[in-house]
Amino acid sequence: MRFEVRTRSGAALPGLGLGTWTMGEDAAARAEDTAEMYAGGGAEELVAEAIAGQRDQVFLVSKVLPQNASHAGTKAACERSLRRLRTDRIDLYLLHWPGPHPLEETYRAFLALLDQGKILHYGLSNFDLGEMERAERLPGGGGTSVNQVLYNLGRRGVERHLFGWCRSREIAIMAYSPLEQGRLRPDPALRNVARRHGASSAQIAIAWTMRWDHVVTIPKSSRIAHVRENARAADIVLSEEDLAELAAAFPAPKRDVPLETL
């Protein structure tokens, strides 16, 4: 099992995490990647319940919405997230996507929060190569630890340029929706590879995103059985034959494509 991905800021992220998009929306159904937009902060409250008593064993991620990402707004949003998460620090704090406020302001807030120990690392989400290059030149840009982007078998455009650029700078890629929110195209090649490993197609799709040493993958599941099934993907090592078969069925684009999002 590949346990962690290290970044230039010194962060050690687990190679496989748990996304929480849409969790917490139904209060009646309540029985690590979190964000203030998810269920209006409800996902953070749900995570607080889940990690109670084991905070030190969890690598906790949250995000600030772009409309809140001014200097003062970022700090205020972080304080709200800390209260909802019932913790004194967020391990990794991300800007959810490029927005109306100058990124310099967001970075200035990140650095202040870092100095106060309220966040331990910071990064970006849904930033394409040109945006990452511009961010890198800003004060604080050199501390960017992670870029979270959409990445799965059917969404491979980020491999063309963004992956290599981030890898060369020890910026981790955090792959969200590795199963395309459960809509990943069923394919005979995927089923063939799954049979060879005695695994499910979902496990193979997750393992495929983890073949890079700088990629963290965060499938979302609210069912314990699915979480456990997804976790077993970290033990799967795909062979060259497996990768070739999957590449033939899910080819990378031959031309540059705009950064995709969900």
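For the structure, check the block above.
Model, not experiment: these values are computed from the prediction.

Visitor: Help me out: how do you make sense of the overall build of the protein in this one?
Guide: A tally of regular secondary structure across the protein gives 9 helices and 8 strands. Against the 2.2 N^0.38 benchmark of 18 Å for 262 residues, the protein shows a C-alpha radius of gyration of 18 Å, consistent with a compact globule. In the protein, which comprises 262 residues, the proportion classed as buried is 50%. Here the protein displays about 12,000 Å² of accessible surface, and carbon together with sulfur accounts for 51% of that area. Positive and negative side-chain charges of the protein, numbering 33 and 33 respectively, have mean locations separated by a distance of 2 Å.

Visitor: Sorry, what's going on with the sheet that holds strand β6 (residues 144–150) here?
Guide: Picture the strands of a sheet paired through backbone hydrogen bonds; they go either parallel or antiparallel. On the basis of which strands lie adjacent, the open sheet formed by 6 strands has the order β3-β4-β5-β6-β7-β8 and parallel pairing. The sheet is open, and its two borders are formed by β3 (61–64) and β8 (215–218), each paired with just one other strand. On average, adjacent strands in this sheet sit at an angle of 30° to one another, irrespective of strand direction. In this structure, strand β5 (residues 122–125) lies alongside β6, joined through 3 bridges in parallel fashion. Each residue of the ladder has a partner; that of Tyr122, found in β6, is Thr144.

Visitor: Help me understand the environment of Thr87 in this model?
Guide: If you trace the backbone, Thr87 turns up in the loop between α2 (71–85) and β4 (92–95). In this structure Thr87 touches Arg55, Leu60 and Leu82, once residues within four positions along its chain are discounted. Here the side chain of Thr87 touches Arg55 through a polar contact of 2.9 Å, side chain to side chain. Of the polar contacts made by the side chain of Thr87, one reaches the backbone oxygen of Arg89; its length is 3.3 Å.

Visitor: Mind showing me how you'd approach the environment of Ile119 here?
Guide: As for its placement among the helices and strands, Ile119 is situated in the loop between α3 (103–115) and β5. When the C-alpha positions of Ile119 and Leu92 are compared, they lie 6.4 Å apart, and in sequence the two are 27 residues distant. Not counting residues within four places of it along the chain, the set of residues in contact with Ile119 comprises Cys78, Ile90, Tyr93, Phe110, Leu113 and Leu114.

Visitor: Help me understand the packing of aromatic side chains in this model?
Guide: Aromatic ring pairs: the centre-centre distance and the angle between the two ring planes describe each pair. Taken as a whole and assessed by the stated rule, the structure comprises 7 aromatic pairs. An angle of 70° between the planes, with centres 5.8 Å apart, marks the rings of Tyr93 and Phe110 as edge-to-face. Pair noted here: Tyr93 is in strand β4 and Phe110 is in helix α3, with a separation of 17 residues, a long-range link. A relative accessible area of 0% means that Tyr93 is categorised as buried. A residue is classified by how much of its surface remains accessible, and Phe110, at 0% relative accessible area, is buried. Ring-pair connections join several aromatic residues into one group, and the members of that group are Tyr93, Tyr107, Phe110 and Tyr122. The ring of Trp208 is capped by Arg211, whose NZ or CZ atom sits 3.9 Å from the centre of that ring.

Visitor: When you look at the pairing of β3 in this model, what are you seeing that I'm missing?
Guide: Two faces, one strand: in a regular strand the side chains alternate between the faces of the sheet. Neither face of β3 is exposed, since Val61 and Lys63 on one face and Ser62 and Val64 on the opposite face are all buried. In the sheet, β3 pairs with β4 via 4 bridges, with the strands oriented parallel. Bridge pairing links Ser62 to Tyr93 in β4. Chirality of the crossover, the property in question, places the unit of β3, α2 and β4 among those that are right-handed.

Visitor: Would you explain unusual backbone geometry in this entry?
Guide: Peptide bonds are, in most cases, trans, and in most cases residues other than glycine have a negative phi. Of note in this structure, Asn126 is not a glycine but carries a positive phi near 60°. Among the secondary structure elements, Asn126 is positioned in the loop between β5 and α4 (129–136). Judged by relative accessible area, Asn126 falls into the buried class, the value being 11%. Residues other than glycine seldom take positive phi values, yet Glu170 does so here, at roughly 60°. Relative to the helices and strands, Glu170 resides in the loop between α5 (162–168) and β7 (172–176).

Cut-offs and rules
- Residues numbered from 1 in each chain as written.
- Predicted model: local features only at pLDDT ≥ 70, side-chain atom pairs only at ≥ 80, totals over all residues.
- Heavy atoms only, no water.
- Helix = DSSP H or I, 4+ residues; strand = E, 2+ residues; numbered from the N terminus.
- Rg over C-alpha atoms; globule rule 2.2 N^0.38 Å.
- Buried < 20%, exposed > 50% of the residue type's maximum accessible area, 1.4 Å probe, protein only.
- Areas by Shrake-Rupley, 256 points an atom, 1.4 Å probe, with all protein chains shown as cover.
- Lys, Arg positive; Asp, Glu negative; His and termini not counted.
- Charge placed at Lys NZ, Arg CZ, Asp CG, Glu CD.
- Pairing = 2+ DSSP bridges.
- Axes fitted to C-alpha atoms, helices over the stretch in contact; angles between N-to-C directions.
- Contact = heavy atoms within 4.5 Å.
- Polar contact = N/O pair within 3.5 Å; in protein donor to acceptor, adjacent residues only side chain to side chain.
- Phe/Tyr/Trp six-rings, centres within 6.5 Å; stacked < 30°, edge-to-face > 60°.
- Lys NZ or Arg CZ within 6 Å of the ring centre and 35° of its normal.
- Right-handed = clockwise from strand over helix to strand, strands pointing away.

Keep in mind that these numbers describe shape and distance, not what the molecule does.
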